[in-house]
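Coordinate analysis (summary)
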Amino acid sequence: MDKPDIAAPRQRRSNLRTTLTWLLRAAISFGLIFYILWGTEVGEVLAAIRVADLRLILLALGLQILGALIMAMRFGILLAVRDTRPGLAYLFVSTMSAAFFRQFLPSTLGGDALRGYDAWRAGASKGFAVLALFVDRLLGLAVMTAFAVLAIALFGSDRGDMSGAYRWAIAGLILVMIALGLLFYLPARQKGQLSALASRLPARLSAIAEKLGQIATTFHGKGGVLAKSAALTLVLQVNVVLFYWVVAQSLGLEVQFWAFFVIVPVTVLVMMAPITINGIGLREAILVYLLGIWGVSSELALALAWLEFGITLTLGLIGGVIFALRPSRSEILSSTQS
């Protein structure tokens, strides 16, 4: 007598949850879009996009590709801590491929799943790949929030009372810096205390905790790695701000360059929330709100949001072609060992 297949109903439930979650996120995305378009002159939005400077749009696309290269360089530095060195070309291909998958996954972090998988393909353990991605994102958050703090402190008085945003930016920066400090500079005494705590757990949990502890201490004392990665992060985030400013310039928006050091960090942080598909809806809502503070009409702000999305989609299409042509895992491992 055949045993009942217990896994099949569980798989169906998992597939149903995945489908419902995706539908919910899609509903939130299109609900936000509908809300924003209500009362907005869509014809003016499209007219603004039609007359946008094509040369500046192409420059913005080039900045996106440059950003992918810088991200690949930074991730390579982090992976090298455990002697995983797949090469810059491989990591650039991975980053560009991730831009393709990001179009269909929740939040702008969706492509990180592929980057982590590719790190494993190149020889990193799964735990270390996840940790390296976590550090990668923490560095980005640290620099972005620092930009916001400095921009508000130096120029925020031009926009009225921004004390609330300033306090939130400082709080976020402190939290991120604490997290980086624990990862890179946790004192030896605290390490011992964590190991002692893990040893009191049941055998299976103790083994898991010990393994996680070993992974988490990977970057301890790696000040040089932190310095190099932070320097690349600084360049990367300036590039992100410059990208948004160039898109704004293509539309003729009269917003000071420094303002984007406030607008961009907030926009990027909001778009990371995994409640929509690739930030659709969130992108438009936050840019309409923030640019409105600088006197930009909702139509022009929406035109900027859609141009930014269009450039991101173009980058994703390029990434999709690269993904289709990239080598297999066996070819990667053979090339790294030769």
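Residues numbered from 1 in each chain as written. Predicted model: local features only at pLDDT ≥ 70, side-chain atom pairs only at ≥ 80, totals over all residues. Heavy atoms only, no water.

**Examining a nonpolar patch on the surface**
Selection criterion: Within the patch definition used here, like charges are joined within 9 Å and nonpolar side chains (Val, Leu, Ile, Met, Phe, Trp, Tyr) within 5 Å, considering only residues with over 30% relative accessible area and no salt bridge. Residue burial considers only the protein chains on display, and all accessible areas are found by Shrake-Rupley using a 1.4 Å probe. Salt bridge, as applied in this entry: a Lys or Arg side-chain nitrogen positioned within 4 Å of an Asp or Glu carboxyl oxygen. Every helix listed is a DSSP run of H or I at least four residues long, and every strand listed is a run of E at least two residues long, numbered separately from the N terminus.
Together, L16, L20 and L23 make up a nonpolar patch on the protein surface, roughly 290 Å² of accessible area in all. Residue placement: L16 occurs in helix α1 (residues 7-37).

**Focus on the nonpolar core**
One broad trend across soluble globular proteins is that nonpolar side chains are buried collectively. Threshold: What makes a nonpolar core is a set of buried Ala, Val, Leu, Ile, Met, Phe, Trp, Tyr and Cys residues whose side-chain atoms join them at distances within 4.5 Å. Exposure is judged per residue with a 1.4 Å probe applied to protein chains only, and the accessible area is read against the type maximum: over 50% gives exposed, under 20% gives buried, and values in between give partly exposed. Whether two residues touch is decided by their heavy atoms; if any such pair falls within 4.5 Å, the residues are in contact.
Core analysis: the largest hydrophobic core is formed by 50 residues, its most contacted members being V255, L291 and L304. Those elements that place two or more of their residues in this core are α2 (42-50), α3 (54-79), α4 (88-101), α6 (126-155), α10 (223-250), α11 (260-271), α12 (282-293) and α13 (298-325). The element that contributes the greatest number of residues to this core is α13, accounting for 8 residues. Ignoring any residue separated from it by four or fewer positions in sequence, one finds V255 in contact with W245, F260, I263, L291, W294 and V296. In this structure, F128, V176, V225 and L226 belong to the second largest nonpolar core, which totals 25 residues.

**So, unusual backbone geometry**
Positive phi is not limited to glycine here, since D83 has a value of about 60°. On the basis of relative accessible area, D83 is assigned to the exposed category, the value being 56%.

**Focus on empty space enclosed by the protein**
What counts, and what does not: Buriedness for pockets is judged along seven lines, at least five of which must meet protein on both sides within 12 Å for an open set on the 1 Å grid over protein atoms alone, while cavities are sets there where a 1.4 Å probe fits but cannot get out, and lining residues have an atom within 4 Å of a point. Grid points are joined across faces, edges and corners, and a volume is the space filled by probe spheres set on the points. Just so you know the grouping, Ala, Val, Leu, Ile, Met, Phe, Trp, Tyr, Cys and Pro go in nonpolar, Asp, Glu, Lys and Arg go in charged, and all remaining residues, Gly too, go in polar.
Inspection of every chain in the model, using the stated rule, returns 1 cavity of 30 Å³ or more. Of the volumes computed, that of the largest cavity is approximately 640 Å³. Lining the largest cavity are 34 residues, and of these Q64, M71, R102, R137 and V240 lie nearest its centre. Looking at the lining of the largest cavity, the elements that each hand over two or more residues are α3, α4, α5 (112-121), α6, α10, α11 and α13. The residue makeup of the lining of the largest cavity, split by class, is 17 nonpolar, 9 polar and 8 charged.

**Comments concerning the packing of α4 against α5**
In a packed pair of helices, the relevant descriptors are the angle between the two axes and the axis-to-axis distance. Put simply, the test is: Note on geometry: axes are C-alpha line fits, over the in-contact stretch for helices, and angles between N-to-C directions span 0 to 180 degrees. Orientation categories follow fixed angle ranges, with anything under 35 degrees roughly parallel, anything over 145 roughly antiparallel, 65 to 115 roughly perpendicular, and all other angles oblique. Definitions for this section: a left-handed crossing has its near helix turned counterclockwise from the far helix by less than a right angle. A right-handed crossing has that turn clockwise.
Packing of α4 against α5 leaves a shortest axis separation of 9 Å and a crossing angle of 150°. Taken together, α4 and α5 sit at an angle that is classed as roughly antiparallel. Every pair of crossing elements has a handedness; the one defined by α4 and α5 is right-handed. Between α4 and α5, the contacting residues are Y90, S94, T95, S97, A98 and F101 on the first element and L114, R115, D118, A119 and R121 on the second. Here the residues of the contact of α4 with α5 are counted per class, giving 5 nonpolar, 3 polar and 3 charged.

**Remarks on the pattern of salt bridges**
Applying the stated criterion to the full structure yields 8 salt bridges. Note that R74 and D136 form a salt bridge whose closest N and O atoms lie 2.8 Å from each other. Of this pair, R74 sits in helix α3 while D136 sits in helix α6, placing them 62 residues apart in sequence. Exposure class is identical for R74 and D136. Each is buried. The partner of R115 in a salt bridge is D112, and the shortest N-O contact between them spans 3.1 Å. On the criterion of helical spacing, the pair formed by R115 and D112 is a turn pair, its members being 3 residues apart in helix α5. Each member of the salt-bridge network shares a partner with another, and the members are R74, D112, R115, D136 and R137.

**Section: the environment of G319**
With respect to the secondary-structure elements, G319 resides in helix α13. Using a relative accessible area of 0% as the deciding quantity, one classes G319 as buried. With 225 residues separating them in the primary sequence, G319 and S94 have C-alpha atoms 8.7 Å apart. Residues in contact with G319, not counting those within four places in the same chain, are M96, S97 and F100.

**Observations concerning the side chain of T267**
Along the polypeptide, T267 turns up in helix α11. What makes T267 buried here is its relative accessible area of 0%. Not counting residues within four places of it along the chain, the set of residues in contact with T267 comprises Y244, I286, L287 and L290.

**A short note on the layout of surface pockets**
Looking at the second largest pocket, its volume works out to about 280 Å³. Surrounding the second largest pocket, 15 residues form its lining, A165, W168, A169, V266 and L269 being those nearest its centre. Looking at the lining of the second largest pocket, the elements that each hand over two or more residues are α6, α7 (163-185) and α11. Among the elements that make up the lining of the second largest pocket, the one with the highest residue count is α7 (6 residues). Broken down by class, the residue content of the lining of the second largest pocket amounts to 13 nonpolar, 2 polar and no charged.

**Things to note about the packing of α2 against α13**
Contact geometry for α2 and α13: axes closest at 8 Å, N-to-C directions at 55°. The angle between α2 and α13 falls in the class oblique. At the point where α2 passes α13, the crossing takes the right-handed sense. Together, E44, V45, L46, A48 and I49 of α2 and E299, L300, L302, A303, W306 and L307 of α13 make up the contact between the two elements. Grouping the constituent residues of the contact of α2 with α13 by class yields 9 nonpolar, no polar and 2 charged.

**As for the side chain of D136**
D136 gets classed as buried once you look at its relative accessible area, which sits at 1%. Setting aside residues no more than four positions away along its own chain, D136 makes contact with M71, R74, F75, L78 and R115.

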